Amino acid sequence: IDNIAPDHGLSLTPLRIGFHEGGYDLYEPGAAASDWLERIAEDGSPMLLRESFTNGHSDRVDGVITGDGISPDSPPLIPPSTSATLTLDIDPANNQFLSFASMILPSNDGFIGNESATAYRVFDVNGEFIGADFVVTGAQVQDAGTEINDEAAENVPVLGQMAPNTGTAENGTVMKHPGFESAGNVLSAFPSADFTQDLYPVARIRVELAE
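Rules of the game
- Residues numbered from 1 in each chain as written.
- Predicted model: local features only at pLDDT ≥ 70, side-chain atom pairs only at ≥ 80, totals over all residues.
- Heavy atoms only, no water.
- Phe/Tyr/Trp six-rings, centres within 6.5 Å; stacked < 30°, edge-to-face > 60°.
- Helix = DSSP H or I, 4+ residues; strand = E, 2+ residues; numbered from the N terminus.
- Buried < 20%, exposed > 50% of the residue type's maximum accessible area, 1.4 Å probe, protein only.
- Pairing = 2+ DSSP bridges.

Peer 1: Would you mind showing me how to read the packing of aromatic side chains here?
Peer 2: The geometry of an aromatic ring pair comes down to the distance between the two centres and the angle between the two planes. For the coordinates displayed, the defined rule picks out eight aromatic pairs. Taking the centre distance of 5.3 Å and the plane angle of 90° together, the rings of Tyr-27 and Phe-111 count as edge-to-face. Residue Tyr-27 is located in the loop between strand E3 (15–20) and helix H1 (35–43), and its partner Phe-111 is located in strand E6 (residues 110–113); the two are separated by 84 residues in the primary sequence. What makes Tyr-27 buried here is its relative accessible area of 8%.

What follows is the structure in structure tokens.
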């Protein structure tokens, strides 16, 4: 993954990826977020997602791509202009499709991830590796609908949140993220994080053969 956002723009939490047979939906627009989606969208925590992904499916392969962080003592985030990689062994018979999810920072519950289970095929129907190479733009950023977008420092990672699962519950549904407040805390601290700008670049994700 390459974070291609501009300087002082969006950072990403470690990217949860999974390879599967095409039967795993990360989320449904207009529906309430699952518990695991809430945790990754609010706190960047991928553990519940892993449990959901592998439950009853031993052939699925998953992992987390971690970055170097914003500073030496920060969590392993993927800030703008940095890249991170992970090598996995995947099976063309059972791992034809890629799914991914990551929280965007700073935000209350913004995330990126593919809605369709079959959006990104990495092996063709004959089992030949075709890989993937695509860009995620700001237009694809989603709001989990689990936490009100108050942009309060104590509820937003990177701005000042000190503990997971804080903020006011929204009890909403997954939808396209409306963007940050023009004079709010997020854009005041990260002036290049307005992902509602046309063709705002968030990330480039690639699946390639390891050398």
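Peer 1: Help me understand the sheet that holds strand E1 (residues 2–3) in this model?
Peer 2: The strand order across the open sheet formed by three strands is E1-E10-E7, and the pairing between neighbours is antiparallel. Each end of this open sheet is capped by a strand with a single partner; those strands are E1 and strand E7 (132–137). Judged from the six bridges that link them, E7 and strand E10 (residues 201–207) form a sheet pairing that is antiparallel. If you follow Val-135 over to E10, its bridge partner there is Arg-204.

Peer 1: Got a minute to help me understand the pairing of strand E5 (residues 97–105) in this structure?
Peer 2: Residues in a regular strand point their side chains to alternate faces of the sheet. With nine of its nine residues buried, E5 lies for the most part within the structure. Here E5 shows a buried face lined by Phe-97, Ser-99, Ala-101, Met-103 and Leu-105 and a second buried face lined by Leu-98, Phe-100, Ser-102 and Ile-104. As defined by bridge partners, strand E2 (residues 11–12) adjoins E5 across two bridges and the pair is classed as antiparallel. Bridging from a neighbouring strand, Leu-12 pairs with Ile-104 of E5. Strand direction decides the pairing type here: E3 and E5, joined by five bridges, are antiparallel. The residue of E5 that forms the bridge with His-20 is Phe-97. For E5 and E6, the ladder comprises three bridges, and the chain directions are antiparallel. Bridge pairing in E6 places Ser-102 opposite Ile-112. Once E5 ends, the chain turns through four residues before running back antiparallel as E6.

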